[in-house]
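# Results of the structural survey
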Amino acid sequence: MFRFFAFCLFYLLFFHQKFRFTILFQLNSDTVYAIKKGDRKIILKLYHYTFQVLMGNAVRYTTDPETQMQIVNNAFMKIVTNIERFQPGTAYFSWAKQIVKREIIDDFRKNKRYKELFQYNDDYKSESLITEPETDTTFEAEELQLILNTLPPATKMVFNLYAIDGYTTAEIMEDLNISYETVKWHMKEARKRLRTQLNTNQLKRS
């Protein structure tokens, strides 16, 4: 199975980038059955069909290409392994996104410096966690990604989960095993840094 995923990666990096053709693919009961049976042709089509969704999530959380591909391939392996849980006719990409997000969180928690990444100033007072006025932060997608990449890893993780992927504070606390105050601190820090970067970008344009 690992060799097959290596072949999938080779295929995407070389042939897909060269020819950029579109595979018409339907995930129905027949293709789900074929995937269960290990039909490599169908699995390869599913990989091609799903790749952009998985990678689109991975690149928001890490800038390291090797880690991105590891997340994508691990998530896809879980999709194939658990394909019987998918109900044909329902939103496949939504299901796939949940799997890749879980893989992203698991990968982040494997970091040896995980606890250190979530340390914050003990003198930080809870009073400073009050809601700040909203700022006009309209970005182009590419600009937003560049700005997000300037955030520290833990802050980037929390902001992505909360502001982009729609996780609640409670869900972030549970998934990352951090406190309410830590979540709020990282959200405040992210907004502060994004606001600063936004102002800098606007000055450059003027």
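Right above here is the structure, for reference.
Here goes a summary of the coordinates provided. (Residues numbered from 1 in each chain as written. Predicted model: local features only at pLDDT ≥ 70, side-chain atom pairs only at ≥ 80, totals over all residues. Heavy atoms only, no water.)

Grouped together as the largest cluster of nonpolar side chains are 48 residues, with contacts concentrated most on Ile 79 and Leu 176. Per element, the largest residue contribution to this core is 9 residues, and it comes from helix α3 (residues 40-61). Contact partners of Ile 79, with chain neighbours within four places excluded, come to Leu 46, Thr 50, Leu 54, Tyr 92, Trp 95, Ala 96 and Ile 99. (Core = buried A, V, L, I, M, F, W, Y, C linked by side-chain atoms within 4.5 Å. Buried < 20%, exposed > 50% of the residue type's maximum accessible area, 1.4 Å probe, protein only. Helix = DSSP H or I, 4+ residues; strand = E, 2+ residues; numbered from the N terminus. Contact = heavy atoms within 4.5 Å.)

Turning our attention to the packing of aromatic side chains. If you walk through the whole model with that rule in mind, you get 9 aromatic pairs. Between Tyr 49 and Tyr 92, the aromatic rings sit 6.0 Å apart at their centres with planes inclined by 20 degrees, giving stacked as the arrangement. On the criterion of sequence distance, the pair formed by Tyr 49 in helix α3 and Tyr 92 in helix α5 (residues 92-109) is long-range, its members being 43 residues apart. Under the relative-accessibility criterion, Tyr 49 is labelled partly exposed at 30%. Residue class for Tyr 92 comes out buried when judged on its relative accessible area of 5%. Look at Phe 86 and Tyr 92: their rings are 5.5 Å apart centre to centre, the planes differ by 85 degrees, and that puts the pair in the edge-to-face class. Of the two residues, Phe 86 and Tyr 92, neither departs from the other in class, the shared state being buried. A connected cluster of aromatic rings, assembled from ring pairs, spans Phe 25, Tyr 49, Phe 86, Tyr 92, Phe 93 and Trp 95. (Phe/Tyr/Trp six-rings, centres within 6.5 Å; stacked < 30°, edge-to-face > 60°.)

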